[in-house]
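# Descriptive structure summary
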Amino acid sequence: MSMSIYSSLSVLPFCSNSPNLQRCRSHLLPSTSLLTPSNYSTTRPSITTQNLLSKNRKVDIICCCSMPVVQVSSPQGLLSCSRALWVTRSLIAWNVDVGNGSCYLYASRTADLVLTDDGVQGEDVVINLEEDSGGLPLNVIEKFPHICNYRAFKVPSTVDVKSLLKCQLAVAPFHADGQCISATGLQLPGVLDDLFAYSGPLGAVFTEEAVSLYLWAPTAQVVRACIYSDPSGGTPLESVLLEEDNGVWSVNGPRTWEGCYYVYEVSVYHPSTLQIEMCTTNDPYARGLSSDGMRTLLVNLDCDTLKPEGWDELADEKSILSSFSDISIYELHIRDFSASDQTVRPDFRGGYLAFTSQDSAGIRHLKTLSAAGLTHVHLLPTFQFGGVDDEKEKWEYADTNKLATLPPDSDEQQAQVTAIQDKDGYNWGYNPVLWGVPKGSYASNPNGSSRTLEFRKMVQALNRIGLRVVLDVVYNHLHGSGPLDDNSVLDKVVPGYYLRRDRDGFIEHSACENNTANEHFMVERLILDDLLCWAVNYKVDGFRFDLMGHLMKSTMVKAKSSLQSLSKEKNGTDGSKIYLYGEGWDFGEVAKNGRGINASQFNLHGTGIGSFNDRIRDAVLGGSPFGHPLQQGFITGLSLQPNAQDHGSKTAMDQMLAVSKDHIQVAMAANLRDFVLTSRNGEEVKGSEVLTHDGLPVGYASCPTETINYVSAHDNETLFDIVCLKTPMEISVDDRCRINHLATSIVALSQGIPFFHSGDEILRSKSLDRDSYNSGDWFNRLDFSYETNNWGVGLPPKGKNEKNWPLIKTRLADPSFKPKKSHIVAAVENFSNILRIRYSSPLLRLRTANAIQQRVRFHNTGPSWVPGVIVMSIEDGHDGMPGLAQLDPIYSYIVVVFNACPTEVTAAIPALQSRTLQLHPVQLMSTDKLVKSSKYEASSGTFNVPSRTTSVFVEPRGI
């Protein structure tokens, strides 16, 4: 996910002469589509003052006719805001001081509330709220920490709150002299959770006799299901009213509904329009859809016709996974994988079925990586997302033949690509519409059940070549909101509940758009149910959480527990093998636990849930994705071979290089908080005591599987492109290729879980595009024939790259930057070899923090280190001898030397004298002549390693 951070909406004070008055009053007018009594279901009572009260109970309530008229003195609230929160059945929270005055709750069944100079008018009833001098209770503060200082107002126990919640609501406090202090709408998630938390069936439930529909919609006034025979157009076969039971609407239909489509019509008050809206929407628990999500498909995922042959036994065919420490991850976009692969059937390209083409160039490439040890393929979003039409015949295409004739530094390619970027078949997919349905554009037919069957075939095909499947899930935000947006679903069903709001009641957008609020019970439940659906019904093996820090830690822990409770015997899925990881960034409204303890890097230790380690990325490459693109790092020439960027004095650069080395070493020890190493200053420090430039601990993990080490991902420039930007202009393409491999080898040989962006191993380029989420097939092309790495296909799209075009243009125009096929083939071999080395010894995949502390050592440390060189050793024990247990039957000792220098280095390590080390057999068999020239001299413990090379030395047992 791109890490652009947007500011929340702000609200200006309301006053009678404000220029905002006319803008706001358009939201305060009575609705033109209000429900009338004749529109109500005959089974539903009309809402009156008496209906809002429990029978024969006394309550302090003021009828509309008896409410005194008051003069409003510049009220500071608007009904279009929701600054008060109804947090439990009996409490409303608001940061307003009424002093000796009073506070009133207003309700209108028909959404007729308006704010005038005389106060709030148009209400059916007004209820007096008494301030609770005890303030908000601890359980409320824990759930809503951002309002910990708000005042508490008590709702009388005799009020029928459940009926009241179906109305338009507002609160207004008054001074003792009758002047209105303010007025605002209410946020309802707290009271909805208190009264309507539900764990029963939701969505479509199939039995032998019936198809039943269940929808959680406690604020709805009427819910109707329209059943259709076709995916679009036509009139409904049936239109049936659902009946409500404690917030859940349901209906039983005939078994003949299976295979039909449906939508809900939900009549509900929507705070964004201040009206009762008739919202047409899909089922939040949809498991099938028509094209572009127009209607929900009634699909039974247990139907045998939707299962590939051997599907029920797939759990027994998956590759062995003894420990999560054995995982390595390859991040891949479904369309990238095959859209340009001429060895794939044209009708399969860019879709699920391309993975079933066993003789394609892409599958042959994945088989090579799998044979080398790769365990998991991480697929970018595969759920129903916005931004790509499901119907391929509607797509527009750039003229690639013409684009190929243009100069490598031309701006014409990007102009043609961006002209159609919202009409082509490309998008990364971080625009969630419905989480529980496979994306239709990747299927051969977006209507019907093809997407279910073909998705399963994809998972099965990958499993059968030894690769487990990780899904990229995006629960932190939704693409649509409001009652009118075609991409809005959840916000139509229970408006104001699923999306996180700021203190004024407006949707938070720090996670790109429409942040979700998983701290609310039914949001969390939907996430957990969705994960279980994918795990059980699609047999996936892991989940990567986009902007995971925007979820609560408790949700992630529940997700892990729920998934790992699955068994092959009961569920057809071995939940103990399902791995969870994500982006633990801490920013926005959730930063520093602003909405509860969130799933950030620093909060997840001890959970076994992985988070991306940006420390190693930034130290290896230099700077950060948000810094100057020429900022160099450990492998890109910092101090050793400076570029044109001013990095300060030689002393400053040397210091920065030493800091980078410390960060990398902590990361190579799985980024453990308590791992002890010698720092650049010669001091013994823990990983948590090594600090980033902004004073945060580098080490944050408690065990190796809590760290995802990486240097590139779909976000930002590719690894090869970053290397081309940061290294000096004058170095050779041979050197750039070696630096690319040096980076992937650091990741592959670190403790923790290695993560690679697809194409790292083939020098993939996106022509220096820093954010290719919507840059089309042209800039995102992967070529598994190894003919090209896609370098120099034009200046990248203007929107995110224009300010760097001067830097980019000089590089793209230089033919010496472009690798040959021989470079790409060599890169594939080097990458495969480094994977083989990782999987040649359990010492490179230690399973516990204690094992890493006992066995891993870093040499060439302290102030007198040889700059640009990292030396790591891993020791094993011997059977029958005291001390360390024996883990590896082949090697008793491993030494890895990383040389980032532009020249060969000699490093004498006294602690490694007199060992029987030799170059790893995989490197001895390599076609890389440089690495084969690496040497070790036992008498002095001296290593000679060629420039920009990773050399692995092993001590075989019995020598």
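For clarity, every value in this text was computed on a predicted model and none was experimentally measured.

### Details of the overall build of the protein chain
When its secondary structure is counted, the protein chain shows 25 helices and 39 strands. In terms of overall size, the protein chain behaves like a compact globule, its C-alpha atoms giving a radius of gyration of 31 Å where 959 residues would be expected to give roughly 30 Å. Dimensions of the protein chain along its principal axes, counting C-alpha atoms only, are 100 × 65 × 60 Å. Burial analysis of the protein chain (959 residues in total) assigns 62% to the buried set. The contacts in the protein chain between residues at least 6 apart in sequence include a share of 74% that link residues at least 24 apart. Entry remark: accessible area of the protein chain is about 34500 Å², with carbon and sulfur atoms responsible for 50%.

### With respect to the pattern of salt bridges
Where charged atoms from two side chains of opposite charge approach closely, those side chains can pair. This model, assessed by the stated rule, comprises 45 salt bridges. With a shortest N-O distance of 3.0 Å, Asp336 and Arg764 are connected by a salt bridge. Taken as a pair, Asp336 in helix 6 (residues 334–338) and Arg764 in the loop between strand 31 (753–757) and helix 19 (776–780) lie far apart in primary sequence, 428 residues in all. Given the relative accessible area of 6%, Asp336 is considered buried. Overall, the relative accessible area of 2% leaves Arg764 in the buried class. A salt bridge links Asp876 to Arg957; the shortest N-O distance between them is 2.7 Å.

### Topic: the pairing of strand 24 (residues 468–473)
For a regular strand, side-chain orientation follows a simple rule: the groups alternate between the two sheet faces. Within strand 24, six of the six residues are buried, leaving the element largely enclosed by the surrounding structure. Side chains Arg468, Val470 and Asp472 project from strand 24 onto one buried face, and the interleaved Val469, Leu471 and Val473 project onto a second face that is buried too. Pairing of strand 21 (residues 376–379) with strand 24 involves four bridges; the strand directions are parallel. Within strand 24, the position partnered with His376 by the bridge is Arg468.

### Comments concerning the packing of helix 17 (residues 719–726) against helix 18 (residues 733–748)
Following both chains from N to C, one finds helix 17 and helix 18 inclined at 125 degrees, their axes separated by 9 Å at the closest point. Classed by the angle they form, the pair helix 17 and helix 18 counts as oblique. For the pair helix 17 and helix 18, the crossing hand works out as right-handed. From helix 17, Leu719, Phe720, Val723 and Cys724 reach across to helix 18, where they touch Arg736, Cys737, Ile739, Asn740, Ala743 and Thr744. Looking at the contact of helix 17 with helix 18 residue by residue, the class counts come to seven nonpolar, two polar and one charged.

### Some remarks on helix 13 (residues 553–564)
In a regular helix each residue adds 1.5 Å, so 12 residues correspond to 16 Å; helix 13 covers 17 Å between its end C-alpha atoms and thus fits that length. All of the buried residues in helix 13 are Thr555, Met556, Ala559 and Leu563. The arc that holds the buried residues of helix 13, viewed along the axis, is 100 degrees, so those residues lie on one side.

### Details of unusual backbone geometry
With phi around 60 degrees, Asp292 is a residue other than glycine that occupies positive phi space. Taking the relative accessible area as the measure of exposure, Asp292 reaches 28% and is therefore partly exposed.

### Looking at the sheet that holds strand 26 (residues 579–582)
Ordered by their spatial adjacency, eight strands build a closed barrel running 20-21-24-25-26-27-30-31, and the pairing between neighbours is parallel. For this sheet the average axis-to-axis angle between neighbouring strands, irrespective of direction, equals 30 degrees. Bridge count between strand 20 (residues 329–332) and strand 21: four bridges; the pairing is parallel. Paired with Glu331 across the bridge in strand 21 is His378. The strands touched by helix 10 (residues 450–464) within the sheet are strand 21 and strand 24, with strand 24 carrying the most contacts at an inclination of about 135 degrees. The strands touched by helix 13 within the sheet are strand 25 (542–545) and strand 26, with strand 26 carrying the most contacts at an inclination of about 160 degrees.

### Some details on the environment of Gln384
Tracing the backbone through its elements, the reader meets Gln384 in strand 22 (residues 383–385). Gln384 sits in the buried class, given a relative accessible area of 4%. In this structure the C-alpha to C-alpha distance between Gln384 and Asn300, which are 84 residues apart in sequence, comes to 18 Å. A distance of 3.2 Å separates a polar atom in the side chain of Gln384 from the backbone nitrogen of Gly440. A polar contact of 2.7 Å, which involves the side chain of Gln384, links it to the side chain of Arg451.

### So, the nonpolar core
The nonpolar side chains of a soluble globular protein tend to be buried with one another. Residues Trp86 and Phe543 are the most contacted members of the largest nonpolar core, which totals 216 residues. Each residue touching Phe543, except ones within four places of it in the same chain, is listed here: Val470, Leu471, Val473, Leu531, Trp534, Ala535, Leu563, Ile578, Tyr579, Leu580 and Tyr581. Core analysis: the next-biggest nonpolar cluster, separate from the first, contains 17 residues, Leu321, Phe324, Phe612 and Ala713 among them.

### Some words on the sheet that holds strand 39 (residues 949–956)
Ordered by their spatial adjacency, five strands build an open sheet running 32-33-34-39-36, and the pairing between neighbours is antiparallel. Either end of the sheet is taken by a strand with one partner, and the two such strands are strand 32 (856–859) and strand 36 (918–919). Packing of helix 16 (residues 650–668) onto the sheet brings it into contact with strand 32, strand 33 (869–875) and strand 34 (891–899), and relative to strand 33 it is tilted by some 20 degrees.

### With respect to the packing of aromatic side chains
The full count for this structure, using the stated rule, is 30 aromatic pairs. Lying over the aromatic face of Phe817, Arg736 brings its terminal NZ or CZ to 3.7 Å of the ring centre. Sitting above the plane of the Trp778 ring, Arg781 keeps its charged end 5.5 Å from the centroid.

### Comments concerning helix 16
Between its first and last C-alpha, helix 16 extends 27 Å over 19 residues, near the 27 Å set by a 1.5 Å rise per residue. Looking only at helix 16, the buried set comprises Met653, Leu657, Ala658, Ser660, Lys661, Asp662, His663, Ile664, Gln665, Val666, Ala667 and Met668. Ala670 sits one or two positions beyond helix 16 and adopts a positive phi of about 65 degrees.

### Here's the deal with the side chain of His270
One can find His270 in strand 17 (residues 261–270). Not counting chain neighbours up to four residues away, the residues in contact with His270 comprise Gln275, Glu277, Gly482, Pro483, Asp491 and Pro495.

### A few points about the environment of Pro625
Positionally, Pro625 belongs in the loop between helix 15 (614–621) and helix 16. In this structure Pro625 comes out as buried when scored by relative accessible area, which is 14%. Beyond its immediate chain neighbours, meaning those up to four positions away, Pro625 contacts Arg617, Asp618, Asn716 and Arg770.

### Observations regarding the confidence of the model for the protein chain
Here the protein chain shows a mean pLDDT of 92. Residues at 70 or above account for 92%. In the model of the protein chain, helix 1 (residues 20–25) stands out as the element of lowest mean pLDDT, 26, in contrast to strand 20, which has the highest, 99. Per-residue pLDDT stays below 50 along residues 2–76; that stretch engages in 136 contacts with residues further than four places along the chain or on separate chains.

### Focus on the side chain of His333
Inspection of the secondary structure puts His333 in the loop between strand 20 and helix 6. Residue His333 is classed as buried on the basis of its relative accessible area, which comes to 2%. Looking at His333, its side chain comes within polar contact range of the side chain of Tyr442, at 3.3 Å. If we skip the residues at most four places from it in the chain, His333 touches Leu380, Tyr426, Asn427, Trp428 and Tyr442.

### Considerations on the environment of Ala93
Locating Ala93 in the fold gives a position in strand 3 (residues 91–94). Taking relative accessible area as the criterion, Ala93 reaches 0% and is therefore assigned buried. C-alpha of Ala93 to C-alpha of Asp132: the two residues are 39 residues apart in sequence and 9.9 Å apart in space. For Ala93, the residues in contact, after removing those within four places along its chain, are Arg83, Ala84, Leu85, Val87, Leu136, Ile147, Tyr150 and Arg151.

### Focus on the packing of helix 7 (residues 361–372) against helix 22 (residues 821–838)
With their axes 8 Å apart at the nearest point, helix 7 and helix 22 run at an angle of 30 degrees to one another. Relative to helix 22, the element helix 7 is oriented roughly parallel. Of the residues in helix 22, those in contact with His365, Thr368, Leu369 and Ala372 of helix 7 are Val828, Phe831, Ser832, Leu835 and Arg836. By residue class, the composition of the contact of helix 7 with helix 22 is five nonpolar, three polar and one charged.

Parameters and conventions
Residues numbered from 1 in each chain as written. Predicted model: local features only at pLDDT ≥ 70, side-chain atom pairs only at ≥ 80, totals over all residues. Heavy atoms only, no water. Helix = DSSP H or I, 4+ residues; strand = E, 2+ residues; numbered from the N terminus. Rg over C-alpha atoms; globule rule 2.2 N^0.38 Å. Buried < 20%, exposed > 50% of the residue type's maximum accessible area, 1.4 Å probe, protein only. Contact = heavy atoms within 4.5 Å. Areas by Shrake-Rupley, 256 points an atom, 1.4 Å probe, with all protein chains shown as cover. Salt bridge = Lys/Arg side-chain N within 4 Å of Asp/Glu carboxyl O. Pairing = 2+ DSSP bridges. Axes fitted to C-alpha atoms, helices over the stretch in contact; angles between N-to-C directions. Parallel < 35°, antiparallel > 145°, perpendicular 65-115°, else oblique. Left-handed = near helix turned anticlockwise from the far one by under 90°. Nonpolar A, V, L, I, M, F, W, Y, C, P; charged D, E, K, R; others polar. Expected span 1.5 Å × (residues − 1). Arc of directions from axis to C-beta. Polar contact = N/O pair within 3.5 Å; in protein donor to acceptor, adjacent residues only side chain to side chain. Core = buried A, V, L, I, M, F, W, Y, C linked by side-chain atoms within 4.5 Å. Phe/Tyr/Trp six-rings, centres within 6.5 Å; stacked < 30°, edge-to-face > 60°. Lys NZ or Arg CZ within 6 Å of the ring centre and 35° of its normal. pLDDT = per-residue confidence, 0-100.

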